[in-house]
Amino acid sequence: QVQLVESGGGLVQAGGSLRLSCAASGRTFSIYGWFRQAPGKEREFVAAIRYSGGSTYYADSVKGRFSISRDNGKNTVYLQMNSLKPEDTAVYYCAGRTDPWIGRSPDNYRYWGQGTQVTVAA
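Presented here is a report on the structure given in the accompanying data block.

In this section: the pairing of strand E1 (residues 3-7). Every second residue of E1 is oriented toward a common face, the buried set being Leu4 and Glu6 and the non-buried set Gln3, Val5 and Ser7. Here E1 pairs with strand E3 (residues 18-25) via five bridges, running antiparallel. Bridge pairing in E3 links valine 5 to alanine 23.

Structure, rendered in structure tokens:
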């Protein structure tokens, strides 16, 4: 059974940091992505990483503040979030893609975790 399980969300003050984890089981993916969805908004791309080689990709809104990484031995992907802003508040989802091309649309990913809430207080 393929599973993606996120953890690490919580409440943090503006300017603070959080690290999200996404533990995958059942298979490895070519691409791992992080998306987020705020209330009343569409799910949006945050970052992605190529499992082989480790190339990374970011949304402009998080570039320079967030960092995506992976631990191949643990089949786990991380999202380090620094300098958090209230507008970063959302449910954050981990997603897996089997094709080897980076996708920035939720439609590009078939496998999803359950999400973890991140709340940034002003």
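What the rule picks out here adds up to eight aromatic pairs. Geometrically, the ring pair formed by phenylalanine 35 and tyrosine 109 is edge-to-face, given 5.1 Å between the ring centres and 75° between the ring planes. In this pair, phenylalanine 35 is assigned in strand E4 (residues 31-37) and tyrosine 109 in the loop between strand E9 (90-97) and strand E10 (111-112), connecting sequence segments 74 residues apart. A single burial state applies to phenylalanine 35 and to tyrosine 109, both of which are buried. Geometrically, the ring pair formed by tyrosine 109 and tryptophan 112 is edge-to-face, given 6.3 Å between the ring centres and 65° between the ring planes. Overall, tyrosine 109 belongs to the buried group, its relative accessible area being 4%. The exposure class of tryptophan 112 is partly exposed, given its relative accessible area of 25%.

On to the nonpolar core, then. In terms of nonpolar packing, the biggest core is built from 34 residues, with Trp34, Leu79, Met81 and Tyr92 touching the most fellow members. Elements with a contribution of two residues or more to this core: E3, E4, strand E5 (44-50), strand E7 (66-71), strand E8 (76-81), E9 and strand E11 (116-121). The dominant element in this core, judged by the number of residues it contributes, is E5, at five residues. Contacts of methionine 81, omitting those with residues within four sequence positions, involve Gly16, Ser17, Leu18, Leu20, Arg65, Phe66, Tyr92 and Val118.

For the rest of this paragraph, the subject is the sheet that holds E8. Here four strands make up an open sheet; going across it, the order is E1-E3-E8-E7 and the pairing antiparallel. The outermost strands of the open sheet, each flanked by one partner alone, are E1 and E7. With strand direction ignored, the average angle separating the axes of adjacent strands in the sheet is 15°. Judged from the six bridges that link them, E3 and E8 form a sheet pairing that is antiparallel. Bridging from a neighbouring strand, cysteine 22 pairs with valine 77 of E8.

This part takes up the pattern of salt bridges. Inspection of every chain in the model, using the stated rule, returns five salt bridges. Across the salt bridge formed by aspartate 88 and arginine 36, the nearest N and O atoms sit 2.9 Å from each other. Of this pair, aspartate 88 sits in the loop between E8 and E9 while arginine 36 sits in strand E4; the two residues are 52 residues apart in sequence, bridging distant segments of the chain. The residues aspartate 88 and arginine 36 share a single accessibility class, namely buried. Residue aspartate 60 pairs with lysine 63 through a salt bridge whose shortest N-O separation is 3.2 Å. Aspartate 60 gets classed as exposed once you look at its relative accessible area, which sits at 65%. Where salt bridges share partners, they join Arg36, Glu44, Arg65 and Asp88 into one cluster.

The rules behind the values
- Residues numbered from 1 in each chain as written.
- Predicted model: local features only at pLDDT ≥ 70, side-chain atom pairs only at ≥ 80, totals over all residues.
- Heavy atoms only, no water.
- Buried < 20%, exposed > 50% of the residue type's maximum accessible area, 1.4 Å probe, protein only.
- Helix = DSSP H or I, 4+ residues; strand = E, 2+ residues; numbered from the N terminus.
- Pairing = 2+ DSSP bridges.
- Phe/Tyr/Trp six-rings, centres within 6.5 Å; stacked < 30°, edge-to-face > 60°.
- Core = buried A, V, L, I, M, F, W, Y, C linked by side-chain atoms within 4.5 Å.
- Contact = heavy atoms within 4.5 Å.
- Axes fitted to C-alpha atoms, helices over the stretch in contact; angles between N-to-C directions.
- Salt bridge = Lys/Arg side-chain N within 4 Å of Asp/Glu carboxyl O.

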